[in-house]
Amino acid sequence: MKVDADKLQTNETDDRGRVYLGTEYANKRVTVAVVEVESETPDEEELAAAYREASESASELADEWGGASDEAWSGLDE
């Protein structure tokens, strides 16, 4: 079966997996094909990479804060 690209529609489902087609399809027979399913939740590799990046950023910020804090305390001693 050949389908014209301009006839394809992308719709998102609700939290129960249902798609609202619209009133223009009321009382009509509709054939639907699922071509691709995308998950909105990140996979394990993405989560691990994000965790590593956040951990590195936190370490860098802690180091920077340590230097700024030491500098501020030494300024108070003067």
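Residues numbered from 1 in each chain as written. Predicted model: local features only at pLDDT ≥ 70, side-chain atom pairs only at ≥ 80, totals over all residues. Heavy atoms only, no water.

1. A few points about the overall build of the protein chain
If you tally the helices and strands in the protein chain, you get one helix and zero strands. The C-alpha radius of gyration computed for the protein chain amounts to 27 Å, which surpasses the reference 12 Å derived for 78 residues by more than 25%, pointing to a less compact arrangement than a globule. With respect to the three principal axes, the spread of C-alpha positions in the protein chain is 85 × 25 × 25 Å. Sorting the 78 residues of the protein chain into buried and exposed places 3% on the buried side. Approximately 8,200 Å² of the protein chain is accessible, and the part contributed by carbon and sulfur atoms is 50%. (Helix = DSSP H or I, 4+ residues; strand = E, 2+ residues; numbered from the N terminus. Rg over C-alpha atoms; globule rule 2.2 N^0.38 Å. Buried < 20%, exposed > 50% of the residue type's maximum accessible area, 1.4 Å probe, protein only. Areas by Shrake-Rupley, 256 points an atom, 1.4 Å probe, with all protein chains shown as cover.)

2. Here's the deal with a nonpolar patch on the surface
On the surface, V19, L21, V30 and V32 cluster together into a nonpolar patch covering about 300 Å² of accessible area. Within the secondary structure, V30 sits in the segment before α1 (44-77). (Patch = residues over 30% accessible without salt bridge, like charges linked within 9 Å, V, L, I, M, F, W, Y side chains within 5 Å. Salt bridge = Lys/Arg side-chain N within 4 Å of Asp/Glu carboxyl O.)

3. Side note on the pattern of salt bridges
Enumeration according to the criterion identifies one salt bridge in this entry. Between R18 and D14 there is a salt bridge whose closest N-O contact spans 2.8 Å. Owing to a relative accessible area of 47%, R18 belongs among the partly exposed residues under this scheme. Among the residues examined, D14 registers a relative accessible area of 30% and is labelled partly exposed.

4. Details of the environment of S74
The residue S74 is located in helix α1 in this model. For S74, a relative accessible area of 37% translates into the label partly exposed.

5. Comments concerning the environment of A33
Secondary-structure assignment places A33 in the segment before α1. Distance from A33 to L8, taken between C-alpha atoms, is 10.0 Å for residues 25 residues apart in sequence.

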